[in-house]
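# Observations on the model geometry
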Amino acid sequence: MARAEAERLAKSVPREPYYAGRWGVVRSAAAFDVVDPVTERCLATVAEAGPVEVDEAVCAARSAVADGTWGRIDGAGRGRLLNRVADLLEARSEEFAALESLDVGKPWFEPHAIDLPQAVRTFRHFAGWADKVTGRSIPTPGYMGRATVSYTVREPAGVVAAITPWNSPTMIAAWKVAPALAAGCAVILKPPEDAPLTSLLLASLIEEAGFPLGAFGVLPGRGPVTGQLLVDHPGVDKITFTGSPETGHKVAVAAASGFRRTTLELGGKSPQIVFADADLDAAADGVAVGIFANQGEVCAAGSRILVARAVYEDIVKRLVTRAHSVRLGDPFDDGTTMGALISARHRDRVSRYIAAGLAEGARLVTGGGQPRRAGYFVEPTLFADATNAMTIAREEIFGPVGTIIAFDSDDEAVAIANDCDYALAATVWTSDISRAHTVAGKIRAGAVAVNGWSPLDPALPWGGCRLSGHGRDLGWAGIEANTEEKTVTVVL
Ligand code: TXE
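The following paragraphs examine the structure supplied in this document. (Residues numbered from 1 in each chain as written. Predicted model: local features only at pLDDT ≥ 70, side-chain atom pairs only at ≥ 80, totals over all residues. Heavy atoms only, no water.)

## What to know about the site of the ligand
The criterion, for reference: Throughout this document, a residue counts as near a molecule or strand when at least one of its heavy atoms sits within 4 Å of that molecule or strand. By the criterion applied in these results, polar contacts are pairs of N or O atoms within 3.5 Å in which, for protein atoms, one can donate a hydrogen and the other can accept it, and in which residues neighboring in sequence qualify only through two side-chain atoms. Runs of H or I in DSSP of at least four residues are treated as helices and runs of E of at least two as strands, each being numbered from the N terminus. As a working rule, the residues Ala, Val, Leu, Ile, Met, Phe, Trp, Tyr, Cys and Pro are called nonpolar, Asp, Glu, Lys and Arg charged, and the rest polar, with Gly in that last group.
Around the ligand, 28 residues are found, and the nearest of them are W166, K190, E193, Q228 and E396. One of the side-chain nitrogen or oxygen atoms of Q228 is found 2.7 Å away from a nitrogen atom of the ligand. One nitrogen or oxygen atom from the side chain of E265 is found 3.0 Å from a nitrogen atom belonging to the ligand. Ranked by the residues each element gives to the shell around the ligand, the list is headed by helix α9 (residues 223-232), at 4 residues. In terms of residue class, the shell around the ligand is built from 10 nonpolar, 11 polar and 7 charged.

Spelled out as structure tokens, the structure:
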């Protein structure tokens, strides 16, 4: 789809909250502009949900789940509805992909190849789980000499608030919305204010699929306003959040009142470890994708590149060549392989990290600048000869900036990988199967990939620990995260 067509589409997307089966605001007069990161022009102005809208949405969700029409739909029925969403999304993938490129600034082929297929698969995957949310039969020794039968059932956690980030809004919305709906929860999605358009369009598809009133809502708005109102609302039972540790902390504090459940995915500083025995060509390709895909705005971005001393200069050279082949430009142009960062604020943040890398003495081997043109572009950037103590090795940059560090032994590679506040993902490049399993076993991370960068699949649990958060979004873990297990014991 061409840029002009995508811009027209952006004007036709709903631009209001949706809840209780209707679009619009009741009282809020606030609105915010959605800015195109490439042209810096306003794509749309979206109405913000305020206190009244948040309260009404949560009340509608509560009654849908408690005794309303949603609570009465069985697993097979929920599965049918989720499959319908998958079909509608698949049929309109082209529009979604174009809108995502426009809104986020990512090259057109990425949402085509990754975000949209993943989102569709996620809805299908959880449509399959919906009628398999089973409990367990647990043998017990009896009660006062009488036999007992004990079993568990999994019940919906209740009303789920899903707060999503701007880097892959459609895919991450699917990761949160699909498991919660499959489990029988009602969901209120608070999309990112920097890129809300695909989430609003997704809401219109969920409406079209025929979910009962209150089962799903979307509340656009700024984080400190709509997001905070939503997480503070006592009618919300569970919060699933992907974003920064700073905002994750606010979410956790809000959830602590009422001891409400949370799933928090707070990003990472993921190591990509290249051993000397790796297929160096494949490793260089994979590592480059790991740090440059989606402009580096990826929670699993492999931003710490740990390389065995014996192949260090070789890998640095190969990565510089890969960086030079990146074409910054308009996401809708054919040759473009990297787009713009999401906002001026974020571009400035990434630039401050590049300045910190230089100030702390890392060797800038490529990039570091910003092209002279409109848009929030930053060149693909690599620092060599870095240490793990440097700011660029410790903090999440969330941009196309890789930090390359040498190591001398397997133990040192693991020690550097684990010397990190975050623990989300890691990648190991080696042709030695024993080393692959040994190192994968020793790394502290929610997911380890060997000889590939962060393969995504809705069947695989996704999440981390430490500063990367807690809980898992996908696979059976995603069902567990949205249900309570109730024990029933019958004395015979
Ligand atoms: O994130 P925020 P920002 C990291 C990345 C990035 C940094 C800042 O390093 O540079 O975070 O990005 C909503 N109550 N990640 O400022 O604030 C907000 O509206 C409730 C990594 O954009 O965490 C948006 O919908 N919600 C990450 C969502 O939180 C609030 C992806 C994320 O925004 C809120 C994104 C509040 N008080 C950024 N304040 C990853 N894990 O992949 C904001 N929000």
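Back to the text.
## Brief notes about the packing of helix α7 (residues 169-182) against helix α8 (residues 197-209)
For clarity, the cut-off: Where helices are involved, their axes are fitted lines through C-alpha atoms of the stretch in contact, as for all axes, and angles between N-to-C directions lie from 0 to 180°. Angle categories: roughly parallel below 35 degrees, roughly antiparallel above 145, roughly perpendicular from 65 to 115, and oblique for all the rest. It is the rotation of the near helix from the far one that decides the hand of a crossing: anticlockwise by less than a right angle makes it left-handed, clockwise makes it right-handed. The contact rule is simple, with two residues in contact once any of their heavy atoms fall within 4.5 Å.
Packing of α7 against α8 brings their axes to within 9 Å, and their N-to-C directions diverge by 45 degrees. Our classification of the angle between α7 and α8 gives oblique. In the crossing of α7 with α8, the sense of the turn from one axis to the other is right-handed. The residues of α8 that touch α7, namely those facing P169, T170, A173 and V177, are T198, S199, L202 and I206.

## Some words on a nonpolar patch on the surface
This is how it is decided: A patch consists of residues exposed above 30% relative accessible area that lack any salt bridge, with like charges linked at up to 9 Å and nonpolar side chains (Val, Leu, Ile, Met, Phe, Trp, Tyr) linked at up to 5 Å. Each accessible area value is a Shrake-Rupley result obtained with a 1.4 Å probe; residue values ignore everything except the protein chains displayed when judging cover. When a carboxyl oxygen of Asp or Glu is within 4 Å of a side-chain nitrogen of Lys or Arg, the pair counts as a salt bridge. Note on classification: 1.4 Å probe, protein chains only; a residue is buried when its accessible area is under 20% of the maximum for its type, exposed when over 50%, partly exposed between these limits.
A contiguous nonpolar surface patch, about 330 Å² in accessible area, is contributed by V149, Y151, V490 and L492. Counting through the fold element by element, Y151 comes out in strand β5 (residues 148-156). With a relative accessible area of 35%, Y151 lands in the partly exposed category.

## Observations concerning the sheet that holds strand β11 (residues 271-274)
So the rule is basically this: Paired strands, in this sense, are two strands between which DSSP finds at least two bridges.
Taken together, 7 strands build an open sheet; the order of strands is β13-β14-β15-β12-β11-β17-β18 and the sheet is mixed. Edge positions in the sheet fall to β13 (363-366) and β18 (447-450), since each of these pairs with one other strand and no more. Taken over all neighbouring pairs, the strand axes of this sheet differ in orientation by 25 degrees on average, direction set aside. By the bridge criterion, 3 bridges tie β11 to strand β17 (residues 425-429) in an arrangement that is parallel. Within β17, the position partnered with V274 by the bridge is W429. Taken strand by strand, helix α11 (residues 280-292) contacts β11, β12 (304-308), β14 (381-384), β15 (401-407) and β17, and its axis lies near 170 degrees from that of β11.

## Focus: the nonpolar core
Filter applied, for reference: Buried residues of nine kinds, namely Ala, Val, Leu, Ile, Met, Phe, Trp, Tyr and Cys, make up a nonpolar core once their side-chain atoms join them within 4.5 Å.
Grouped together as the largest cluster of nonpolar side chains are 146 residues, with contacts concentrated most on F123 and F211. By residue number, the principal contributor to this core is α7, which donates 10 residues. Sequence-distant contacts of F211, that is, excluding residues within four places in its chain, are made with W70, L81, L82, V85, L181 and I206. Formed by 5 residues, the second largest nonpolar core is a distinct cluster that contains V104, W166, I342 and F398.

## Let's talk about the packing of aromatic side chains
What counts is decided by this rule: Only Phe, Tyr and Trp rings take part, Trp by its six-membered ring, and two of them pair if their centres are within 6.5 Å. Stacked means planes under 30 degrees apart, edge-to-face means over 60, and tilted covers everything else.
Under the counting rule described, the total for this entry stands at 7 aromatic pairs. Geometrically, the ring pair formed by Y18 and W23 is tilted, given 4.8 Å between the ring centres and 40 degrees between the ring planes. Ring geometry for W70 against F211: centres 5.4 Å apart, planes inclined by 50 degrees, an arrangement best described as tilted. Here F211 lies in the loop between α8 and β8 (216-218) and W70 lies in helix α3 (residues 69-72), a separation of 141 residues in the sequence. Take W70 and F211: they sit in the same class, and that class is buried.

## Some points on helix α6 (residues 109-129)
Every α-helical turn comprises 3.6 residues, leaving residues that sit three or four positions apart pointing alike. Note the following rule: A helix is expected to span 1.5 Å for every residue after the first. The quantity called bend is, for any residue, the angle between two axes fitted respectively to the seven residues ending at it and the seven beginning at it.
Taking 1.5 Å as the rise per residue, α6 with 21 residues should run 30 Å; its terminal C-alpha atoms sit 30 Å apart, in good agreement. At D115, α6 shows its largest kink, close to 30 degrees, and the proline P117 lies no more than four residues downstream. Residues E110, P111, D115, L116, Q118, A119, V120, T122, F123, F126 and A127 constitute the buried set of α6. Buried residues in α6 make contact with α4 (75-91), α5 (93-104), α7, α8 and α17 (475-480).

Purely geometric stuff here, so don't read any function into it on its own.
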